[in-house]
Amino acid sequence: MPYFPETMPQPTPVMYEADFWNACKEKHLRFQSCADCGQLRHPPTPICPHCHSTNIKWVDAPEEAEVFSFTVVHHASHPAVKSKLPYVVGILTFEGMDGVRLVSNVTDIPTDQVKIGMKVKIWWDDIGDGNFVPRFRPVESK
Ligand SMILES: [Zn+2]
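Below: a short report on this structure. (Residues numbered from 1 in each chain as written. Predicted model: local features only at pLDDT ≥ 70, side-chain atom pairs only at ≥ 80, totals over all residues. Heavy atoms only, no water.)

### Some words on a nonpolar patch on the surface
A surface patch of nonpolar side chains, about 330 Å² in accessible area, is lined by Val 14, Met 15 and Tyr 16. Considering the arrangement of structural elements, one finds Tyr 16 in the segment before α1 (18-25). (Patch = residues over 30% accessible without salt bridge, like charges linked within 9 Å, V, L, I, M, F, W, Y side chains within 5 Å. Areas by Shrake-Rupley, 256 points an atom, 1.4 Å probe, with all protein chains shown as cover. Salt bridge = Lys/Arg side-chain N within 4 Å of Asp/Glu carboxyl O. Helix = DSSP H or I, 4+ residues; strand = E, 2+ residues; numbered from the N terminus.)

### Side note on the coordination of the zinc ion
Listed as protein donors to the zinc ion are Cys 34 (SG), Cys 37 (SG), Cys 48 (SG) and Cys 51 (SG); their distances from the metal cover 2.3 to 2.4 Å. Metal-centred angles of 101 to 117 degrees between the four donor atoms at the zinc ion mark the site as tetrahedral. Along the chain, the residues donating to the zinc ion fall in the pattern C-x2-C-x10-C-x2-C. Accessibility expressed as a relative area gives 0% for Cys 48, which makes it buried. Using a relative accessible area of 35% as the deciding quantity, one classes Cys 51 as partly exposed. (Donors = N, O, S within 2.8 Å, 3.2 Å for Na, K, Ca; no water. Tetrahedral: all angles 85-135°; square planar, octahedral: opposite > 155°, others 65-115°. Buried < 20%, exposed > 50% of the residue type's maximum accessible area, 1.4 Å probe, protein only.)

### Notes on the sheet that holds strand β2 (residues 40-41)
Sheet architecture is open: three strands sit in the order β2-β1-β3, paired in antiparallel fashion. Of all strands in the sheet, those bounded by a partner on one side alone are β2 and β3 (56-60). Here two bridges tie strand β1 (residues 30-34) to β2, and the two strands are oriented antiparallel to one another. Across the sheet, residue Ser 33 finds its bridge partner in β2, namely Leu 40. (Pairing = 2+ DSSP bridges.)

### Overview of the pattern of salt bridges
Side-chain pairs of opposite charge can arise whenever the charged atoms involved come near each other. In this structure the tally under the stated criterion is four salt bridges. In this structure, Arg 30 and Asp 60 form a salt bridge, with 2.8 Å as the shortest nitrogen-oxygen distance. Note that Arg 30 is positioned in strand β1 and Asp 60 in strand β3, a separation of 30 residues in sequence. The salt bridge involving Arg 137 is made with Asp 108; its shortest N-O contact spans 3.1 Å. Linking Arg 137 in strand β8 (residues 131-138) with Asp 108 in the loop between β6 (102-106) and β7 (119-128), this pair joins segments that are 29 residues apart in sequence.

### As for the environment of Ile 122
Mapping Ile 122 onto the fold places it in strand β7. Sequence spacing of Ile 122 and Thr 7 is 115 residues, and the spatial spacing of their C-alpha atoms is 23 Å. Excluding residues that lie within four positions of it along the chain, Ile 122 makes contacts with Leu 29, Glu 63, Pro 134, Arg 135 and Phe 136. (Contact = heavy atoms within 4.5 Å.)

### A short note on the side chain of Ser 33
Relative to the helices and strands, Ser 33 resides in strand β1. Residue Ser 33 is classed as buried on the basis of its relative accessible area of 2%. Here Gly 38 takes part through its backbone oxygen, which lies 3.4 Å from a polar atom of the side chain of Ser 33. Those residues within four positions of Ser 33 in sequence are excluded, and the remaining contacts are Gly 38, Gln 39, Leu 40, Arg 41, Asn 55, Ile 56, Lys 57 and Val 59. (Polar contact = N/O pair within 3.5 Å; in protein donor to acceptor, adjacent residues only side chain to side chain.)

### Notes on the pairing of β7
Relative to β7, strand β4 (residues 64-73) is paired through three bridges, and the arrangement is antiparallel. For Glu 64, the partnering residue across the bridge sits in β7 and is Lys 121. Pairing analysis gives eight bridges linking β7 to β8, with the strands arranged antiparallel. Counterpart to Lys 121 in the pairing with β8 is Arg 137.

Here it is in structure tokens:
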């Protein structure tokens, strides 16, 4: 059963985001890197914001991340999320991946126990139609 109800809209990636979501379908979290200057970036873009190269490579992310910042959502911005209130939206960073910050949910923990700097681990949310969304739970939990 997906984390959010099945009425939650599916990701609708634009062309240069497709490789990110296609990797997610195989439960691989990958971020874009410039093939010329090596700068990592997320979300995906067609041009490196540092050197303007259009050469791209994809780099596997570690399974663990750190909560850089977060917010607790108390207001349903879409009817599909109403049953999950309150829930956490975090900004996550990955060791060795400067330039990458991923927005995702921190789950499996009471919202008042989420802390900046806490270690979280990826889990793959099966949202149907062969699509998976990366979400995160504290490293200590199973
Ligand atoms: Zn570059």
